[in-house]
Amino acid sequence: MKLDSAPLEISGISQTEIELELKDSNDLNLISVIDQPVQPVVADSPQKQQSALVVFGTTFITIFLAEIGDKTQLSTLLMSAESHSPWVVFIGSAAALITTSLLGVLLGSWIATRLSPKTVEKSAGVMLLVISLMLFWDVFIGH
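*Asks:* Sorry, what's going on with the packing of aromatic side chains here?
*Replies:* Between two aromatic rings, the relevant description is the distance of the centres plus the angle of the planes. In this structure the tally under the stated criterion is 4 aromatic pairs. Taken together, the ring pairs in this structure connect Phe-56, Phe-60 and Phe-64 into an aromatic cluster.

Below you can see the structure in the form of structure tokens.
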């Protein structure tokens, strides 16, 4: 390995002389670069950032289709029919769904800060598979 210059202690050049020489240089102002704090480099996510409209649309369609014929919808239908106050039932059920969705979003964002997206994705897949197997088991065995 070839060294072009001796270490500072051996060469007799002080750190101040080097800084002055670098300041006088018109090529690069290295002193300002050296004095700046080091910022962490964050690699771009392999996934593209999705627009808010795409995320909203996907979420709306997924939740809408998942809730059709759900126990919540049937309960809301029955309460509305019994109470004869459909708007009060609507406001109550909407507030409940918003609250449970808020809890899901908060829990999801907390999990995202502690686990990698791959781990969250695999865990969600395993949980959905287990739920599906439990439902099939209930349908075929629990006549």
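Structure shown, so let's carry the discussion forward.
*Asks:* Any chance you could explain the confidence of the model for the protein chain here in plain terms?
*Replies:* For any part of a model where pLDDT is low, the fine detail of the predicted coordinates should not be relied upon. Per-residue confidence for the protein chain averages 77 on the pLDDT scale, and 65% of its residues sit at or above 70. Looking at the elements of the protein chain, mean pLDDT is at its lowest for helix H3 (residues 30-35), recorded as 48, and at its highest for helix H6 (residues 86-114), recorded as 93. Long-range and interchain partners of residues 26-34, a stretch whose pLDDT sits below 50, account for 5 contacts in this model, where long-range means more than four residues apart.

*Asks:* Is there a simple way to explain the environment of Thr-58 in this structure?
*Replies:* With respect to the helices and strands, Thr-58 occurs in helix H4 (residues 52-67). The class for Thr-58 is partly exposed, based on a relative accessible area of 46%. A polar contact of 2.8 Å, which involves the side chain of Thr-58, links it to the backbone oxygen of Val-54.

Thresholds, definitions, all that
- Residues numbered from 1 in each chain as written.
- Predicted model: local features only at pLDDT ≥ 70, side-chain atom pairs only at ≥ 80, totals over all residues.
- Heavy atoms only, no water.
- Phe/Tyr/Trp six-rings, centres within 6.5 Å; stacked < 30°, edge-to-face > 60°.
- pLDDT = per-residue confidence, 0-100.
- Helix = DSSP H or I, 4+ residues; strand = E, 2+ residues; numbered from the N terminus.
- Contact = heavy atoms within 4.5 Å.
- Buried < 20%, exposed > 50% of the residue type's maximum accessible area, 1.4 Å probe, protein only.
- Polar contact = N/O pair within 3.5 Å; in protein donor to acceptor, adjacent residues only side chain to side chain.

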